[in-house]
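Spelled out from the first residue to the last, the chains are:
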Amino acid sequence: MACTSSERAERYNFASGPAMLPKEVLEQIREELPNWRNTGSSVLEQPFTSTAFKQLMVETEADLRTLLTIPDNYRVLFMQGGASAQFGLLPLNLLRSGQSADYLESGHWARKAISEARRHSPVNVIASGTEQAFTALPPLDHWQLDPAAGYCHVTSNETGNGLQLQEFPELSVPLVADMTSDFLTRPLPLERFGLIYASAQKNLGVAGLCIVIIRNDLLRAPPPGLPTAFSYAAQAEQQSRFNTPPTFALYVTGLMLRWMGRNGGVPAMAAAAQQRSRLLYRCVENSDFYLCPQRPADRSPINVCFQLTKPGLTETFLTEAERNGLANLRGHAAIGGIRASLYNPMPLSGVARLVEFMTDFERKHG
Ligand SMILES: Cc1ncc(COP(=O)(O)O)c(C=O)c1O
């Protein structure tokens, strides 16, 4: 939908990421951009070593710690390179030479994590959803865990496949989770994890920042060959300022964390996620025109994936949805169909509008 004025037409962005931001956060960015915190310059022009910027980093970490109740024996790192860089950095930082890691093969993103990890270390796939074409998650009692593994990696939410791991087991090896698409959408039993990582551009800001939460005992001296900027230990030692951190993305995440805090924190984000996704799954379930192949118990409340039972109408659906201000509903390129990504900033009204559109579309084409 073309939009010529500086005001945005009412439009909901269902993209898998970068995602929509709350209007009030966008407005705050616009308002304080020319003169950030009375420094006389914009946040974009702040040296990362300035007192004001260091203070922003301290506040951002403190707000994240409060929202998630992060225990004192974990460090928070602000890194670059996205979750995709973490796929390779995990084995490089966490494994001893020749040591292997366990991986749950739950979908598209787990596969990416596995193939990157394999470039650096042996990988043991503990269970795979391939046989179910990634429409269900392998149950915990099927996981073939190796007690000697350096860590066990899971993808808490499969963004492309529409699956979410509902529970996190207590393991004897460090549990490592890619939470890129469901970070801060539900409370977490933090003490069960060795490491959590998440790119910011879905639930907590814009692209450029990847948050890593790591238990202190996993911070080890970097192996030879690992660039220092990508060493967890080095970044922890230098408060994520070994080199220039992604300053603007950090600033936006700071605003997003405060927005979440003002709006009831993580429990409220979780309740809203349930409310939004139930509305949409109910619409799909109550119709013979739409179909969700994912096992109900494993369905993601964040990325709702479904298909049209007449797949020939998918393009028409997408075009008409876009015309109605419902943007970026196309499913993952490798998977097809429709995907509605419902991250923290998505209001319930956006999903209500989508459901109304789906009902009308079915009436016209069903
Ligand atoms: C679960 C998951 N992991 C990793 C990534 C990759 O993140 P990035 O593009 O920030 O590297 C994505 C992106 O969509 C994702 O959804």
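Note that the coordinates shown come from a computational prediction; the quantities given were computed from them, not determined experimentally.

**Q** I tried to follow the packing of helix 8 (residues 314-323) against helix 9 (residues 348-365) on my own but got confused; where do I start?
**A** Axis angle and axis distance: for two packed helices, these are the angle between their axes and the distance between the axes, and together they describe the pair. Following both chains from N to C, one finds helix 8 and helix 9 inclined at 135°, their axes separated by 11 Å at the closest point. In this view, helix 8 runs oblique relative to helix 9, as classed from their interaxial angle. Pair helix 8 / helix 9 crosses with right-handed handedness. Along its contact with helix 8, which presents Thr316, Phe317, Glu320 and Ala321, the element helix 9 presents Phe357, Met358, Phe361, Lys364 and His365. When grouped by side-chain class, the residues that make up the contact of helix 8 with helix 9 number 5 nonpolar, 2 polar and 2 charged.

**Q** Could you clarify how one ought to interpret the layout of surface pockets in this entry?
**A** If you roll a probe as big as a water molecule over the atoms, it shows you where there is empty space left. In this structure, the second largest pocket occupies an estimated 250 Å³ of space. Taken together, 16 residues line the second largest pocket, and the ones lying closest to its centre are Ser84, Trp109, Thr180, Gln201 and Lys202. Within the lining of the second largest pocket, the residues separate by chemical class into 3 nonpolar, 10 polar and 3 charged. For the lining of the second largest pocket, the domains that each give at least three residues are domain 1 (16-23 + 264-365) and domain 2 (27-262).

**Q** How do you make sense of the site of the ligand when you look at a structure like this?
**A** The full set close to the ligand counts 13 residues, and Ser84, Thr159, Asp178, Ser199 and Lys202 are the nearest of them. Within the backbone of Ala83, one N or O atom sits 3.2 Å away from an oxygen atom of the ligand. Between an oxygen atom of the ligand and a side-chain N or O atom of Trp109, the distance comes to 3.4 Å. Relative to its unbound accessible area of 390 Å², the ligand is 85% covered by the protein chains. According to the grid-proximity analysis, the pocket containing the ligand is the second largest pocket. Ranked by residue count, the leading element in the shell around the ligand is helix 3 (residues 82-94), at 4 residues. Residue classes in the shell around the ligand are distributed as 3 nonpolar, 8 polar and 2 charged.

Cut-offs used in this document
Residues numbered from 1 in each chain as written. Predicted model: local features only at pLDDT ≥ 70, side-chain atom pairs only at ≥ 80, totals over all residues. Heavy atoms only, no water. Axes fitted to C-alpha atoms, helices over the stretch in contact; angles between N-to-C directions. Helix = DSSP H or I, 4+ residues; strand = E, 2+ residues; numbered from the N terminus. Parallel < 35°, antiparallel > 145°, perpendicular 65-115°, else oblique. Left-handed = near helix turned anticlockwise from the far one by under 90°. Contact = heavy atoms within 4.5 Å. Nonpolar A, V, L, I, M, F, W, Y, C, P; charged D, E, K, R; others polar. 1 Å grid on protein atoms, 1.4 Å probe; cavity = no way out; pocket = protein on both sides within 12 Å on 5 of 7 lines; lining within 4 Å. Points joined across faces, edges and corners; volume = space filled by probe spheres on them. Domains from an automatic or database assignment. Near = heavy atom within 4 Å. Polar contact = N/O pair within 3.5 Å; in protein donor to acceptor, adjacent residues only side chain to side chain. Areas by Shrake-Rupley, 256 points an atom, 1.4 Å probe, with all protein chains shown as cover. Sits in = over half its atoms within 2 Å of the grid points.

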